[in-house]
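# Overview (structure and organization)
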Amino acid sequence: MIEINGVTKYYGNFAVLKNCSTSVAKGEVVVVCGPSGSGKSTLIKCVNALEPISEGSIKVDGIEVNDPKTNLPELRTLVGMVFQNFELFPHLRIVENIMLAQRIVLGRNESAAQKTAMALLDRVGLADHAHKFPSQLSGGQQQRVAIARALAMNPKAMLFDEPTSALDPEMISEVLDVMTSLAAEGMTMMIVTHEMGFARKVATRVVFIDQGEIVEDRPTEEFFNNR
Ligand code: ADP
Ligand code: ADP
């Protein structure tokens with residue numbers, strides 16, 4: 001589903017990613033870990049073209065991400081992304097946050113978009129909060145909304161960039177639980193996280209990056225057996 005091949009990326013003269021190759025097959029859950037500043041966030045941002053690459057190739061469902069002909073809004077419906085800081089639209093109600101891209105990008109009509117939004121809110125346990133604004137929700141609730149918003153596009157894969165790092169400790173598990181249930185349903189996922197308990201339980205593979213290089217890429221059990 002996601003093929004990363006010989007990817008190098010520079011910021012000026014600084015190589016943030018060096019000849020990185022890995023892949024995420026359909027239904028796989030790959031956790032990307034490594035020290036702060038090693039390039040984890042940059043790597044997954046390259047997958048949905050939030051960052052351009054300098055060399056190499058990234059394909060999502062067979063589509064070359066860096067081909068100038070690639071339709072980026074369409075690519076981003078294929079791979080949903082969830083950020084550390086939720087990135088909800090503060091002036092829109094929760095249900096409207098989940099409806100917006102469905103309306104604009106998928107061209108769904110109002111009632112179809114609303115129906116999908118409400119079903120997803122129900123699924124992440126937030127149906128009662130549909131008409132609130134993001135600021136009225138806790139961080140953990142906002143992150144569950146962000147996941148629902150990405151799922152509303154019917155993505156074939158999901159990217160997560162430290163989805164629990166900005167949360168108070170007591171809210172971490174409510175977000176990890178939603179991600180665990182997505183994994184159980186067979187969602188293809190690439191997740192940057194420091195939550196090693198979650199990785200051990202849910203990941204199929206673990207990729208370890210250090211200073212822009214993928215230094216380990218192993219099945220989860222093997223990765224943890226070596227530690
Ligand atoms: P991680 O997610 O592993 O913490 P990042 O991918 O965020 O690492 O960043 C990797 C390195 O690239 C860091 O040294 C960071 O300072 C640098 N970096 C990130 N974004 C930029 C940018 N836009 N311009 C220059 N350097 C950047
Ligand atoms: P993250 O790891 O989630 O990307 P960061 O705090 O590393 O968060 O980066 C926040 C923003 O600042 C990103 O857009 C990143 O590209 C940019 N950034 C990070 N490091 C640098 C840097 N050394 N020079 C310029 N921009 C940077």
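So, here is what we can say about the structure in this document. Counting restarts for each chain: residues are numbered from 1 in the order of the written sequence. Chain labels run from A onward and ligand labels from 1 onward, assigned in the order the entries are written. Confidence filtering applies because this is a predicted model: local features only for residues at pLDDT of at least 70, side-chain atom pairs given and counted only at 80 or more, and all residues used for totals across whole chains, interfaces and linings. The basis for every side-chain value is the complete set of heavy atoms in the structure, and neither hydrogens nor water enter the calculation.

### Concerning the site of ligand 1
It suffices for a single heavy atom of a residue to lie within 4 Å of a molecule or strand for the residue to be listed as near it. Neighbouring ligand 1 are the residues Y11, F14, V16, P35, S36, G37, S38, G39, K40, S41 and T42. The backbone of G39 places a nitrogen or oxygen atom 3.0 Å from an oxygen atom of ligand 1. Whenever a nitrogen or oxygen atom comes within 3.5 Å of another N or O atom, the pair is scored as a polar contact, on the condition that within protein one atom can donate a hydrogen and the other can accept it, and that pairs from neighbouring residues in sequence are kept only if both atoms are in side chains. Separating an oxygen atom of ligand 1 from a backbone N or O atom of S41 is a distance of 2.8 Å. Here ligand 1 loses 58% of its free accessible area of 570 Å² to cover by the protein chains. The leading source of residues in the shell around ligand 1 is helix 1 (residues 40-47), at three residues. Tallied by class, the residues present in the shell around ligand 1 amount to four nonpolar, six polar and one charged. Surface accessibility in these figures is a Shrake-Rupley result with a 1.4 Å probe; residues are shielded only by whichever protein chains are displayed. Elements are defined by DSSP. Helices are runs of H or I of four residues or more, strands are runs of E of two residues or more, and each kind is numbered from the N terminus. Residues are grouped as follows: Ala, Val, Leu, Ile, Met, Phe, Trp, Tyr, Cys and Pro are nonpolar; Asp, Glu, Lys and Arg are charged; every other residue, Gly included, is polar.

### Brief notes about helix 5 (residues 139-151)
To estimate how far a helix should reach, multiply one less than its number of residues by 1.5 Å. Taking 1.5 Å of rise per residue, the 13 residues of helix 5 would be expected to cover 18 Å, and the 18 Å separating its terminal C-alpha atoms lies within 8% of that figure. Accessibility here uses a 1.4 Å probe with only protein chains present; expressed as a share of the type maximum, an area under 20% marks a residue as buried, one over 50% as exposed, and anything in between as partly exposed. Of all the 13 residues making up helix 5, 13 are buried; the element is thus mostly covered by neighbouring parts of the structure.

### Some details on the sheet that holds strand 7 (residues 157-161)
On the basis of which strands lie adjacent, the open sheet formed by six strands has the order 6-7-8-3-9-10 and mixed pairing. Two strands close off the open sheet at either side, each with one partner strand: strand 6 (79-82) and strand 10 (213-219). Averaged over all pairs of adjacent strands, the angle between strand axes in this sheet comes to 15°, irrespective of strand direction. Two strands qualify as a pair provided that DSSP identifies no fewer than 2 bridges between them. Relative to strand 8 (residues 188-192), strand 7 runs parallel, the two being bridged by five bridges. Its bridge partner lying in strand 8, A157 is registered against T188. Against the sheet, helix 5 makes contact with strand 6 and strand 7, and its axis sits at roughly 170° relative to strand 6, the strand it touches most. Interaxial angles span 0 to 180 degrees and are taken between N-to-C directions of axes, which are lines fitted to C-alpha atoms, for helices over the stretch in contact. Whether two residues are in contact is decided by their heavy atoms: any pair within 4.5 Å suffices.

### A closer look at the site of ligand 2
With respect to spatial proximity, the complete set of residues near ligand 2 consists of S41, K45, Q84 and D161. Here an oxygen atom of ligand 2 sits 3.0 Å away from a polar atom, N or O, in the side chain of S41. Measuring from an oxygen atom of ligand 2, one finds a side-chain N or O atom of K45 at 2.9 Å.

### Some words on the packing of helix 3 (residues 94-104) against helix 4 (residues 110-123)
For the pair helix 3 and helix 4, interaxial distance at closest approach is 9 Å and the crossing angle is 130°. Taken as axis vectors, helix 3 and helix 4 run oblique relative to one another. The two elements helix 3 and helix 4 cross, and the hand of that crossing is right-handed. Between helix 3 and helix 4, the residues in contact are I94, V95, I98, M99, Q102 and R103 and E110, A112, A113, Q114, T116, A117, M118 and L121, respectively. Among the residues making up the contact of helix 3 with helix 4, the classes are represented as nine nonpolar, three polar and two charged. Should an angle lie under 35 degrees it is considered roughly parallel, over 145 roughly antiparallel, and from 65 to 115 roughly perpendicular; all remaining angles are considered oblique. By convention, the crossing between two helices is left-handed when the near helix turns anticlockwise from the far helix through less than a right angle, and right-handed when the turn is clockwise.

### Regarding the pairing of strand 3 (residues 29-33)
Taken across its five residues, strand 3 has five buried, putting it largely inside the fold. Residues of strand 3 alternate between two faces, with V29, V31 and C33 on one and V30 and V32 on the opposite face, all of them buried. Inspection of the sheet shows strand 3 paired to strand 8 by four bridges, in the parallel sense. Each bridged residue has a counterpart across the sheet, and for V31 the counterpart in strand 8 is I191. Of the pairings in the sheet, the one linking strand 3 to strand 9 (residues 205-210) comprises four bridges and is parallel in character. Paired with C33 across the two strands is F208, which belongs to strand 9.

### Quick notes on the pairing of strand 8
By the criterion of burial, strand 8 is predominantly enclosed, with five of the five residues buried. Burial of the side chains of strand 8 extends over both faces: T188, M190 and V192 are buried on one face and M189 and I191 on the other. On the question of chirality, the crossover connecting strand 7 to the parallel strand 8 by way of helix 6 (residues 169-184) is right-handed. Seen with its strands pointing away from the viewer, a crossover is right-handed when the path leading from the first strand over the helix to the second is clockwise.

### Topic: unusual backbone geometry
Backbone geometry places F86, a non-glycine residue, at a positive phi of 65°. For F86, the location among the structural elements is in the loop between strand 6 and helix 3. Of note in the backbone geometry, N154 takes a positive phi value of approximately 60° without being a glycine. Mapped onto the elements of the fold, N154 is located in the loop between helix 5 and strand 7.

These figures capture arrangement, not role.
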